[in-house]
Amino acid sequence: MNFDRIKEKLEILADAAKYDVSCSSSGGKRKNNGGLGDSSASGICHTYTEDGRCVSLLKILLTNHCIYDCIYCISRKSNDIKRAAFTVEEVVDLTISFYRRNYIEGLFLSSGIFKDADTTMERLVRVAKKLRTEHNFNGYIHLKSIPGASDDLMNEAALYADRLSVNLEIPTESGLKLLAPDKNREDMLQPMRIVQKGIQQYKDEKKIIRSTPKFAPAGQSTQMIVGATNENDLQIIKVADHFYKNYGMKRVYYSGYIPVTVDNRLPSITSEVPVLRENRLYQSDWLMRFYGFKADEILDFNMPFLDLEVDPKLSWALRHLDQFPVNLQTADHKMILRIPGIGVKTAQKIVSARKFQVLNIDHLKKLGAAVNRAKFFIDFTYGNPFLKHLTDLNLRKLIIGGSQSKFQNQFSQQLTLF
Amino acid sequence: MTTLLYDGSFDGLFTAIFEVFEYRYQDVEICSKENFQQENMFAEIHEVITQQEKSERVLNKLEQNIGKSGIHQLLQVFLSEDQEMENLILSAVKQSIKHPEENILQNFADNDILKISKICKSVSRERHRMTAFVRFEKLQDDIYFAKIDPDFNVLPLIRKHFKDRYADQKWMIYDLRRHYGLLYDLENCEFFYPDEKLDLNQYQQKFHEEEKKYQTLWQSYFTKTNIKERKNTKLHIQHVPKRYWKYLTEKW
Ligand code: SF4
């Protein structure tokens, strides 16, 4: 094996794959049967990049040769960059060798489209098949499906991969037309439908035949680039909600646009990565997935953008003061979850601890709540002096003033732009 | 005040707890022989001889009250090596015996229980980090070897994880601080306690010929997967505290 050449390829193809934000390795359901690895544990992040993102998978492209010309993409055909392509064996060897040293949980393999969709997809599937069947590898495999790949190939991919994903890339159809003229939405949706259908079928058959082969056990995910076109947050959340509900998505990822190209259809090359907006979108996403919020509770037509100053839960609370105060001792779990400053775990702890005794503000602090926010919205059995602010017109200022946002710096940076 | 001295083992501790009830001691503390310094000249010393039957009787009773996961939490407290560890566990056992119908470990409003819950959180975080930050290096005899230096004694807690994961390769994980390790030889996965500290001088000379090359590949990967435009050192260090860096291949 020629290490110098492999190293060069790895550098090119890791660099080109790094903008894909999906990284999770959770949800795998493969037990080790004497071979290498298992993906039954919930995900492990083995290290973190200097930008603070976790590394749990070897995330690479099979090749950055591409026949398409999506404007936002480094690998687009009109971009004059170094190109490289791994062989199937090389990807397999890297995955196994890294896995054996406990660097990674598995492989995330994506690719530029060379020749055509099926040829590319077939090559991706071959990597996964070889890992599973020849090397008895039970680690995590996430394959990026190629839009337009045939149903048969998608079905085969789902036999070997834990997760499949097709990136929506641009949240709106018109935006997609503008920035990725060779792609169309329907080509992206078809593979998603096939996977969804297969998962459903697997569940049905599994009830009857126990040995039914696994079918994409960790489900599918997708990703949208945020801020490359002028979509609003309401549109983005609605699209996400649609995919959670109608495609059984496990995760929707949001990726703040990083300017890589000068083109008058794109934000200027000097524009800031919208880190804060991306963070707020993830917070909204959590509200929908874990806190029981509906998309149109978070935003509506009168308010199509997320509040950058406060998190979406606090923003909701400030618009719905009539729902507060919440009695900590008697309110149902669902409402406890809606109190600003109280997370999923703390809510659970409150519900267990209050069976033993009447909780006060000190308990709340110890249970892990962000009391500087929560205290304005809670009715303790002992009474709560902070409640008098609930009707205060300046409540919002009061709360922001009393808490340090980790994004405060970035926020003031953004403010100076206006 | 009576001080119960035990041998530092998990069974020893639970034998001691059994004897607290057996002798109806009221004002009592439990201390391992190793950590014991007599401060109170008038304290009465009671030496505990580890007896598995006694320990098991306490544990079985407890399991009925707080379940397997409760026992696991107490084990985590034990492995935390926290100074107050013995007396926190004693307090939990006493409370559980008093309220057998409830899982007292969920009474987070009690100070001892809250401490236990915090310790469990720290220990399980360290455990999780060890499943993440262990870096195996392949040696000439095809053993994958890793050094660790965890803040808590978590090796017993990661045994199953690594055994399940690396069933087809020989491996060894060695705790540099506590001088013992875990060895899997394709059949058994056992702890070992060397008489002398392992000599890790020049152990790179024992590397398999391909080891350095894969390390280099991993380092290149780590560098290239970073997005410079989003550099965030504070977040990085929060996730990978510096004390782990010296064992991480990518932080060369
Ligand atoms: S098809 Fe994929 S790799 Fe090719 S230019 Fe578009 S986004 Fe980039």
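Just above sits the structure.
Just so you know, these numbers come straight off a predicted model, no measurement behind them.

## What about the interface of chain A and chain B?
Step number 1: With 56 residues of chain A at the interface, the matching set in chain B holds 53 residues.
Step number 2: Carbon and sulfur atoms supply 57% of the area that chain A and chain B bury against each other, a total of about 5000 Å² over both sides.
Step number 3: At the surface where chain A touches chain B, the tally comes to four salt bridges.
Step number 4: With its nearest N and O atoms 3.9 Å apart, the salt bridge here joins Asp38(A) to Arg165(B).
Step number 5: Examining the composition of the side of chain A that touches chain B, we find that seven residues originate from one element, helix H1 (residues 3–17) of chain A, more than from any other.
Step number 6: Here the residues of the side of chain A that touches chain B are counted per class, giving 25 nonpolar, 15 polar and 16 charged.

## Quick notes on the environment of Asp362(A)
Residues and elements named next belong to chain A.
Step number 1: Of note, Asp362 is situated in helix H13 (residues 361–366).
Step number 2: Overall, the relative accessible area of 46% leaves Asp362 in the partly exposed class.
Step number 3: Sequence spacing of Asp362 and Arg123 is 239 residues, and the spatial spacing of their C-alpha atoms is 59 Å.

## Points about the site of the ligand
Step number 1: Residues in contact with the ligand, as listed here, are Cys66(A), Tyr68(A), Cys70(A), Cys73(A), Arg76(A), Gly112(A), Ile113(A) and Lys183(A).
Step number 2: By residue class, the composition of the shell around the ligand is five nonpolar, one polar and two charged.

## Quick look at helix H2 (residues 52–79) of chain B
Step number 1: Between its first and last C-alpha, H2(B) extends only 19 Å over 28 residues, short of the 40 Å set by a 1.5 Å rise per residue.
Step number 2: Of the residues trailing H2(B), Glu81(B) is marked for its positive phi of about 60°.

## Brief notes about the packing of helix H1 (residues 10–22) of chain B against H2(B)
In a packed pair of helices, the relevant descriptors are the angle between the two axes and the axis-to-axis distance.
Residue and element names in this part refer to chain B.
Step number 1: The interhelical angle for the contact between H1 and H2, taken along N-to-C directions, is 120°, at an axis separation of 10 Å. With respect to H2, the element H1 is oriented oblique. Note that H1 runs across H2; the crossing there is right-handed. Touching Phe10, Asp11, Leu13, Phe14, Thr15, Ile17, Phe18, Glu19 and Glu22 of H1 are Gln52, Lys54, Ser55, Arg57, Val58, Leu59, Leu62, Leu74, Leu75 and Phe78, all from H2.

## Examining a positive patch on the surface
Step number 1: Side chains of Lys345(A), Lys366(A), Lys118(B), Lys121(B) and Arg125(B) sit close together on the surface and give a patch of like positive charge.
Step number 2: Considering every element that reaches the positive patch, the biggest residue donor is helix H4 (residues 111–133) of chain B, with three residues.
Step number 3: Relative to the helices and strands, Lys366(A) is located in helix H13.

## Considerations on the environment of Pro259(A)
Step number 1: Structurally, Pro259(A) is set in the loop between strand E8 (251–256) and helix H8 (275–290).
Step number 2: In sequence terms Pro259(A) and Ser271(A) are 12 residues apart; their C-alpha atoms lie 6.9 Å from each other.

The rules behind the values
- Residues numbered from 1 in each chain as written.
- Chains lettered and ligands numbered in written order.
- Predicted model: local features only at pLDDT ≥ 70, side-chain atom pairs only at ≥ 80, totals over all residues.
- Heavy atoms only, no water.
- Contact = heavy atoms within 4.5 Å.
- Buried area = accessible area lost by both parts, 1.4 Å probe.
- Salt bridge = Lys/Arg side-chain N within 4 Å of Asp/Glu carboxyl O.
- Helix = DSSP H or I, 4+ residues; strand = E, 2+ residues; numbered from the N terminus.
- Nonpolar A, V, L, I, M, F, W, Y, C, P; charged D, E, K, R; others polar.
- Buried < 20%, exposed > 50% of the residue type's maximum accessible area, 1.4 Å probe, protein only.
- Near = heavy atom within 4 Å.
- Expected span 1.5 Å × (residues − 1).
- Axes fitted to C-alpha atoms, helices over the stretch in contact; angles between N-to-C directions.
- Parallel < 35°, antiparallel > 145°, perpendicular 65-115°, else oblique.
- Left-handed = near helix turned anticlockwise from the far one by under 90°.
- Patch = residues over 30% accessible without salt bridge, like charges linked within 9 Å, V, L, I, M, F, W, Y side chains within 5 Å.
- Areas by Shrake-Rupley, 256 points an atom, 1.4 Å probe, with all protein chains shown as cover.
- Lys, Arg positive; Asp, Glu negative; His and termini not counted.
- Charge placed at Lys NZ, Arg CZ, Asp CG, Glu CD.

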